[in-house]
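# Understanding the architecture of this molecule
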Amino acid sequence: MRWERSPLVNGFSGGILHMTACCPICANEGAETVFKPGFRLPLARYGLGLDLSSAKDCTRYEIDIHRCARCDHYFNAAFVGQTVDYTSDNIAESRTFSPRYKDFLTGQVDEILKSMGDDLDCVLEVGSGQGDFLAMFPDGARRIGFEPGPEGDVSIGLYPDVEVRRTYFVADDVVKEDLAPDLIIMRQVLEHVPDPMVFLKAYHALLSRTKGGNGLLYVEVPSTNATIEKGRFSDFYYDHVGFFTLNSMSEALRSVGFFIERLELAFDGEIISCFARPAETVLRQSRFSNRQAYWQDLFSGLEGSGKKVVFWGSAGTGTMFLNMVGIDRDEFPFVVDSDPRKVGKFIPGTGQEVVPPEFIADYRPDVVVILSQLHSKEIAGTVSEILDYEPTVYTL
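Notes on the structure in this doc start here. Everything quoted here is computed from the prediction, not taken from an experiment.

What the 4 strands build is an open sheet, ordered S3-S4-S5-S11; its pairing is antiparallel. The sheet is open, and its two borders are formed by strand S3 (32-35) and strand S11 (242-243), each paired with just one other strand. Relative to S11, strand S5 (residues 74-76) runs antiparallel, the two sharing 2 bridges. Paired with phenylalanine 75 across the two strands is glycine 242, which belongs to S11.

Next up, the structure:
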């Protein structure tokens, strides 16, 4: 990201940082203005006045929304760092009074737990509020929240088993404390961060330290896709410096090395939610090798069992499956295929004979393994039509 120094803005000295038209996600310098109200506006979420006078006389800020044509990210190029004080007692964010939104959060926790399984020891949430979301996770996991606002003090009596620290998240401090999170959560926070890539790189590094790089990041931000679709200019307010689309969120995560498991619009398209892991290569290798081992174990159990097994589909995927799993022709000699041109020929490498569909009527297999992902439903239907019983059917 490109920054410019300001000598004195709103009482802060030379360390104040101004965003320029350089995209904070992909560093493209060609971002252009797409919306500029032309007058300064108050804070939208953190500017409630204690009385009418203070509300009317509030500080106002410039909004100059730029769009990056390369990654489709929107951002306020006029944003000045440190102008929003998240430690202020005027911050009151995390509590939700919507039963439907509570149901949404419960559903997200369920999806996270499905992705993580039972292997959950340490959960960190950045911008945790009073700890409501953390409290939804199992008691067996250590749950730590970082919340600089006053809601960070509320959790002490509200959720005794959830540790919310009234402080900003600092990755170096987490490393020094030797915390090894399995799961990092950042809900409705990344849009407030002038340089989101710094956070995402830190999360990637932390999650790479645990469980072979197989930790999970859950990110949730407002959807700018909905803003664009509905022309909602009032979604662009100063409290948010970044406005994510599906494209820019994908670019941000992938560019620092995350493998995206799920990236989707949720809650009527108003929220972008994402599940990502830091080790794409390790994760994919483990998935492939685990699946290969599953099939090898299955056929090892079938060898010598007396059960008749046929495979269906001699195309590329079928041939590679038989060779990669190491299917023994002597134990499992037949592959069915509906293409008469292939009948009577043999699978390269493993040597199974290709037979026509009607072969199974007399052979009466106990197990049918469908090797065609494109035609699996059709093949299963054909098996049911030919046989007067139900064999065990496996599909890839």
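Moving on, we get to unusual backbone geometry. One can expect most non-glycine residues to show negative phi and most peptide bonds to be in trans. If you check the backbone angles, alanine 27 has positive phi at about 65° while not being a glycine. Note on placement: alanine 27 falls in the loop between strand S2 (17-19) and S3. Residue alanine 27 is classed as partly exposed on the basis of its relative accessible area of 42%. Unusually for a residue other than glycine, aspartate 178 sits at a positive phi of about 65°. Relative to the elements of secondary structure, aspartate 178 occurs in the loop between helix H4 (171-176) and strand S9 (183-187). Aspartate 178 gets classed as exposed once you look at its relative accessible area, which sits at 58%.

Per the stated rule, a full pass over the model turns up 27 aromatic pairs. Ring centres of phenylalanine 35 and phenylalanine 233 lie 6.3 Å apart, and the angle between their planes is 40°; on these two criteria the pair is classed as tilted. Placement of the pair is phenylalanine 35 in strand S3 and phenylalanine 233 in the loop between helix H6 (224-230) and S11, with a sequence separation of 198 residues. Following the ring pairs from residue to residue traces out a cluster consisting of Tyr294, Trp295, Phe299, Phe311, Phe321, Phe332 and Tyr394. For the cation-ring pair, arginine 187 lies above phenylalanine 133, with the distance from its terminal atom to the ring centre recorded as 4.5 Å.

As a general point, the strands of a sheet are linked pairwise by backbone hydrogen bonds and lie either parallel or antiparallel. Strand order across the open sheet formed by 7 strands is S8-S7-S6-S9-S10-S13-S12, with mixed pairing between neighbours. In the strand order of this sheet, the two ends are held by strand S8 (162-165) and strand S12 (259-266), each with one partner. Pairwise comparison of adjacent strand axes, ignoring direction, gives a mean angle of 15° for this sheet. Sheet topology places strand S7 (residues 142-146) next to S8; 4 bridges connect them, and they run parallel. Each residue of the ladder has a partner; that of phenylalanine 146, found in S8, is arginine 165. Packing against the sheet, helix H7 (residues 246-255) makes contact with strand S10 (216-222), S12 and strand S13 (271-277), and its axis sits at approximately 160° to S12.

With that settled, the discussion passes to a negative patch on the surface. Together, Glu303, Asp328, Asp330 and Glu331 make up a negatively charged patch on the protein surface. Among the structural elements, aspartate 328 can be located in the loop between helix H9 (316-325) and strand S15 (334-336).

What the rule picks out here adds up to 0 disulfides. Among the cysteines around cysteine 26, which has no disulfide bond, cysteine 68 carries the closest sulfur, lying 3.4 Å off. Residue classification places cysteine 26 among the buried positions, given a relative accessible area of 14%.

Once that is clear, we can look at the side chain of glutamine 352. Mapped onto the fold, glutamine 352 is located in the loop between S15 and strand S16 (353-355). Those residues within four positions of glutamine 352 in sequence are excluded, and the remaining contacts are Leu322, Ile327, Asp328, Arg329, Phe332, Pro333, Phe334, Val335, Lys345, Phe346 and Ile347.

Turning our attention to the pattern of salt bridges. A complete count under the given rule lists 21 salt bridges for this structure. Here arginine 187 makes a salt bridge to glutamate 125, at a shortest N to O gap of 3.3 Å. One end of the pair, arginine 187, is in strand S9; the other, glutamate 125, is in strand S6 (residues 122-126), and 62 residues separate them in sequence. With a relative accessible area of 13%, arginine 187 lands in the buried category. We classify glutamate 125 as buried; its relative accessible area is 0%. A salt bridge links arginine 187 to glutamate 220; the shortest N-O distance between them is 3.7 Å.

The biggest cluster of nonpolar side chains holds 41 residues, and the ones touching the most others in it are Leu200, Tyr203, Leu217 and Leu253. At the level of elements, S6, S7, H4, S9, helix H5 (196-207), S10, H7 and S13 are the ones that each hand at least two residues to this core. Once residues lying within four places of it in the same chain are set aside, the contact partners of leucine 200 are Leu190, Leu217, Ala252, Leu253, Val256 and Phe258.

Turning our attention to the environment of glycine 129. Structurally, glycine 129 is set in the loop between S6 and S7. With relative accessibility at 1%, the residue glycine 129 sits in the buried group. Along the primary structure glycine 129 and glutamate 147 are separated by 18 residues, whereas in three dimensions their C-alpha atoms are 5.6 Å apart.

Rules used throughout
Residues numbered from 1 in each chain as written. Predicted model: local features only at pLDDT ≥ 70, side-chain atom pairs only at ≥ 80, totals over all residues. Heavy atoms only, no water. Pairing = 2+ DSSP bridges. Helix = DSSP H or I, 4+ residues; strand = E, 2+ residues; numbered from the N terminus. Buried < 20%, exposed > 50% of the residue type's maximum accessible area, 1.4 Å probe, protein only. Phe/Tyr/Trp six-rings, centres within 6.5 Å; stacked < 30°, edge-to-face > 60°. Lys NZ or Arg CZ within 6 Å of the ring centre and 35° of its normal. Axes fitted to C-alpha atoms, helices over the stretch in contact; angles between N-to-C directions. Contact = heavy atoms within 4.5 Å. Patch = residues over 30% accessible without salt bridge, like charges linked within 9 Å, V, L, I, M, F, W, Y side chains within 5 Å. Areas by Shrake-Rupley, 256 points an atom, 1.4 Å probe, with all protein chains shown as cover. Salt bridge = Lys/Arg side-chain N within 4 Å of Asp/Glu carboxyl O. Lys, Arg positive; Asp, Glu negative; His and termini not counted. Charge placed at Lys NZ, Arg CZ, Asp CG, Glu CD. Disulfide = S-S within 2.5 Å. Core = buried A, V, L, I, M, F, W, Y, C linked by side-chain atoms within 4.5 Å.

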